[in-house]
Amino acid sequence: MTRWLMGMVLVLLLLAGVPVAAQDVPVCGPAALTGNPPPEVLRAVISACDVRLEVYGGDWNAYFVRGYAHLLIGENAQAAADFSKTLFFSPKDYGAFNNRGVALQGLGEDLAALADYSRVLALNPQYTLARISRAWAYWEAGAFALAAADAKYLISNGAGPAGHYLLGQFAAQAGEWARAVAAFSAALRSMPGMEEAYLQRGYAYLQLGERALAAPDYLHMLEHQSRQAPAPALTLDGRPAAFTLPGGVQHRVSFVARAGDRLTARMTALQAGVDPMLLLLGPEGQPLTVDDDGGAGAYGLDALLSAFTIPRDGRYTLVIGCAGGGDRGEGRLARALHRASVVWP
């Protein structure tokens with residue numbers, strides 16, 4: 001599962017929306033950028049802003065909106081240029097400083113990004129997005145103490161969930177998994193609906209070898225971020241079945257097992273863009289065990305449940321889903337149920 005905080009920053013940008021100016025223009029305006037607009041809508045916004053700027057070359061809001069559309073597409077150089085033009089006409093626009101920092105960081109210009117985030121916080125110390133962005137930029141630059149200081153500032157100044165989440169990210173990046181669990185747990189106590197924190201804490205539990213503790217977190221994430229779809233036809237003899245994961249989908253396959261049986265299942269990523277996970281539910285629907293990335297594979301993202309011992313007789317459910325490294329692409333599942341009464345090599 002790939003995990004970069006910049007993804008969280010862009011999500012927060014989407015939630016925050018674009019500041020509305022008085023001279024809003026249809027299409028080249030903030031209303032078109034709310035929610036999660038598809039690329040074709042973003043291209044239409046850019047084209048409309050081009051037309052607007054041909055007539056009104058000093059319209060800082062049009063530069064801002066066009067830059068924001070470029071940023072959401074991932075065109076960081078164009079975004080940085082447009083936010084610079086916004087700042088020429090509106091030199092204290094801390095939203096433009098923040099967004100230019102995100103674009104510059106995407107271009108690998110970390111020191112310039114840090115300068116922009118610091119300008120934002122000089123103008124508005126409570127601007128949470130800039131504080132998050134600067135903390136992560138400090139971390140990537142190796143200034144770990146400064147990164148932690150920004151996270152702790154958030155905790156002390158009304159943005160506790162974001163601050164705890166950052167500390168969890170930093171601990172995970174350092175391989176300090178117990179600290180990561182504690183920080184993500186603190187984030188969830190502050191904001192129980194922070195779905196990404198469940199995934200991150202579950203992954204940290206996996207690194208500690210605590211599959212039983214990880215399983216409820218992954219189940220919570222799946223129940224809130226994916227829908228159930230018809231399961232592919234599968235057998236228990238280990239023969240693989242390939243199928244497509246279209247995004248935001250989980251498959252559930254039930255089977256009857258006896259106490260002492262051993263289940264082995266592997267979900268293989270057949271292409272980049274899919275990060276499979278496997279979760280086993282007991283007869284009452286309780287999460288028993290999970291795996292995410294433990295099977296390595298060509299992309300380092302395969303999921304593997306290896307010889308899990310069935311605790312008692314009943315009907316079990318194998319849940320096939322995706323974690324944070326991608327949910328669209330081709331996958332292949334193989335599973336085998338080794339009966340307790342059979343001696344296996």
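You'll find the structure just up there.
Small disclaimer: the values here were computed from a predicted structure and weren't measured.

Draft legend 1. How the structure looks around unusual backbone geometry. The phi dihedral of Asp-293 falls on the positive side, at around 80 degrees, and the residue is not glycine. One can find Asp-293 in the loop between strand S6 (287-292) and strand S7 (303-309). In this structure, Ala-296 takes a positive phi of about 55 degrees despite not being glycine. The topology assignment puts Ala-296 in the loop between S6 and S7.

Draft legend 2. The arrangement of the pairing of strand S5 (residues 274-281) in detail. For S5, a buried count of 8 out of 8 residues is recorded, marking the element as mostly surrounded by other parts of the structure. What you see with S5 is no split at all: Val-274, Pro-276, Leu-278 and Leu-280 on one side and Asp-275, Met-277, Leu-279 and Leu-281 on the other are buried throughout. Two elements, S5 and S6, share 5 bridges in a ladder whose sense is antiparallel. For Leu-278, the partnering residue across the bridge sits in S6 and is Asp-291. Counted along the chain from S5 to the antiparallel partner S6, the turn is 5 residues long, and its residue Gly-285 has a positive phi close to 85 degrees.

Draft legend 3. Region of interest: the nonpolar core. Counting 47 residues, the largest nonpolar core has Leu-33, Phe-83, Leu-166 and Phe-170 as its most contacted members. Residue assignment for this core shows that the elements contributing at least two residues are helix H2 (39-55), helix H3 (60-73), helix H4 (76-89), helix H5 (94-106), helix H6 (110-123), helix H7 (128-140), helix H8 (144-156) and helix H9 (160-173). Among the nonpolar cores identified, the runner-up in size contains 28 residues, and Leu-206, Ala-215, Met-221 and Leu-279 belong to it.

Draft legend 4. Region of the structure containing the pattern of salt bridges. Tallied over the entire structure, the rule returns 13 salt bridges. With a closest N to O distance of 3.7 Å, Arg-266 and Asp-302 form a salt bridge. You can see Arg-266 sitting in strand S4 (residues 262-269) and its partner Asp-302 sitting in the loop between S6 and S7, a full 36 residues away along the chain. Exposure remark for Asp-302: the relative accessible area of 3% places this residue in the buried category. When the shortest N-O distance is used, the salt bridge between Arg-312 and Glu-284 registers 2.4 Å. Here Glu-284 lies in the loop between S5 and S6 and Arg-312 lies in the loop between S7 and strand S8 (314-338), a separation of 28 residues in the sequence. Accessibility expressed as a relative area gives 58% for Glu-284, which makes it exposed. Look at the salt bridges and you will find they share partners, linking Asp-50, Arg-66 and Asp-82 into a network.

About the cut-offs
- Residues numbered from 1 in each chain as written.
- Predicted model: local features only at pLDDT ≥ 70, side-chain atom pairs only at ≥ 80, totals over all residues.
- Heavy atoms only, no water.
- Helix = DSSP H or I, 4+ residues; strand = E, 2+ residues; numbered from the N terminus.
- Buried < 20%, exposed > 50% of the residue type's maximum accessible area, 1.4 Å probe, protein only.
- Pairing = 2+ DSSP bridges.
- Core = buried A, V, L, I, M, F, W, Y, C linked by side-chain atoms within 4.5 Å.
- Salt bridge = Lys/Arg side-chain N within 4 Å of Asp/Glu carboxyl O.

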